[in-house]
Amino acid sequence: MQRPIGVTLLALGAGLAGLVQIWRILIFAGIINWTFVGKEVAFNSPQWGQIFWCAILALIWFWEAVGFWNLRGYAWGFGNFIALFTFIWGFFALLFGSSVEAETIPWFLALVIYMYLNYPGVRDHFVKAEMDRLTPEQRVAMEQLAAANQAAAIAMAAPAGTAVPTAAAPAAPAPAPAAPPPPPAAPPPAAPPSDPGPSAG
């Protein structure tokens, strides 16, 4: 399976994000301390709420990393969702006091990831990988679904009153040749000549 280098980097990035959440779990559990801008951050007792949400985020990021590594379709869709969510979140953050400078880097990364995932050459790798996992019966069903969707799109785009071209139906088989007529019936046998008998004197 040939994996684009950008998808490999996304898989590694998602795995790194999962490790960051594991590191946060250790901090909220009070196992390790963290120094931020000269101030030590430590907890004397476990913060179970934060631990729970960090664990959920870690599972999501590891799940996404495995999906990118194996070129799974769900990873492609979730990556697009995260990119679009980052855009929307940034705009709402501006409304609630954030600055353009603070949102520039997340917007830029989200734009790059979204455009990269939707580049035809990258997107087709995910499609091909998913198609290769289908059984022959599933592939036939997918092809029939694609043909039906294409026919529906053509029908929707055609103006009213316009005949929509459809695939020609297979020609009916030619009728079987008629049976030859039966031979004529044999004529009935001729009657034997009658005996006239003795004539009167």
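Our subject is the structure that appears above.
Note that the coordinates shown come from a computational prediction; the quantities given were computed from them, not determined experimentally.

What counts, and where the lines are drawn
Residues numbered from 1 in each chain as written. Predicted model: local features only at pLDDT ≥ 70, side-chain atom pairs only at ≥ 80, totals over all residues. Heavy atoms only, no water. Helix = DSSP H or I, 4+ residues; strand = E, 2+ residues; numbered from the N terminus. Buried < 20%, exposed > 50% of the residue type's maximum accessible area, 1.4 Å probe, protein only. Areas by Shrake-Rupley, 256 points an atom, 1.4 Å probe, with all protein chains shown as cover. Phe/Tyr/Trp six-rings, centres within 6.5 Å; stacked < 30°, edge-to-face > 60°. Lys NZ or Arg CZ within 6 Å of the ring centre and 35° of its normal. Contact = heavy atoms within 4.5 Å. Axes fitted to C-alpha atoms, helices over the stretch in contact; angles between N-to-C directions. Parallel < 35°, antiparallel > 145°, perpendicular 65-115°, else oblique. Left-handed = near helix turned anticlockwise from the far one by under 90°. Salt bridge = Lys/Arg side-chain N within 4 Å of Asp/Glu carboxyl O.

S.K.: Which residues make up the overall build of the protein, and what values go with them?
M.R.: Along its length, the protein carries 6 helices and 2 strands. When the helices and strands of the protein are placed in sequence order, the string is α-β-β-α-α-α-α-α. Evaluated residue by residue, the protein yields a buried proportion of 18% over its 201 residues. Put simply, the protein shows about 15200 Å² of open surface, and 72% of that area lies on carbon and sulfur atoms.

S.K.: Would you mind going over the packing of aromatic side chains in detail, with residue names and values included?
M.R.: Here the structure, examined in full by the defined rule, presents 9 aromatic pairs. Ring centres 4.9 Å apart and planes at 40° place the aromatic pair F91 and W107 in the tilted group. Taken together, the positions of F91 in helix 3 (residues 73-95) and W107 in helix 4 (residues 100-117) put the pair 16 residues apart, joining distant regions of the chain. For W107, a relative accessible area of 16% puts it in the buried group. By the ring-pair criterion, three or more aromatic residues cluster together here, those being W63, Y74, F78, F81, F85 and W89. The ring of W69 carries the charged tip of R3 above its face, separated from the ring centre by 4.0 Å.

S.K.: Before we move on, could you go through the side chain of Q21 and cite the residues and values that matter?
M.R.: Mapped onto the elements of the fold, Q21 is located in helix 1 (residues 5-28). A residue is classified by how much of its surface remains accessible, and Q21, at 9% relative accessible area, is buried. With residues near it in sequence (within four places) discarded, Q21 still touches C54, L57, A58 and W61.

S.K.: I'd like to hear about the packing of helix 1 against helix 4, residue by residue, with values.
M.R.: Any two packed helices are characterised by the angle at which their axes cross and by the distance between the axes. The geometry of helix 1 relative to helix 4 is characterised by a closest axis approach of 11 Å and an angle of 135° between their N-to-C directions. When the axis of helix 1 is compared with that of helix 4, the two are oblique. Handedness of the crossing formed by helix 1 with helix 4: left-handed. Residues I5, G6, V7 and L10 of helix 1 form the contact with helix 4, whose participating residues are I113, Y116 and L117.

S.K.: Summarise the pattern of salt bridges; cite the residues concerned and give the values.
M.R.: Applying the stated criterion to the full structure yields 3 salt bridges. Between E130 and R72 there is a salt bridge, with its nearest N and O atoms 2.8 Å apart. One end of the pair, E130, is in helix 5 (residues 120-132); the other, R72, is in the loop between helix 2 (48-69) and helix 3, and 58 residues separate them in sequence. Judged by relative accessible area, which is 22%, E130 ranks as partly exposed. The partner of E130 in a salt bridge is R133, with the nearest N and O atoms 3.7 Å apart. Classification of R133 by relative accessible area gives partly exposed; the value is 36%.

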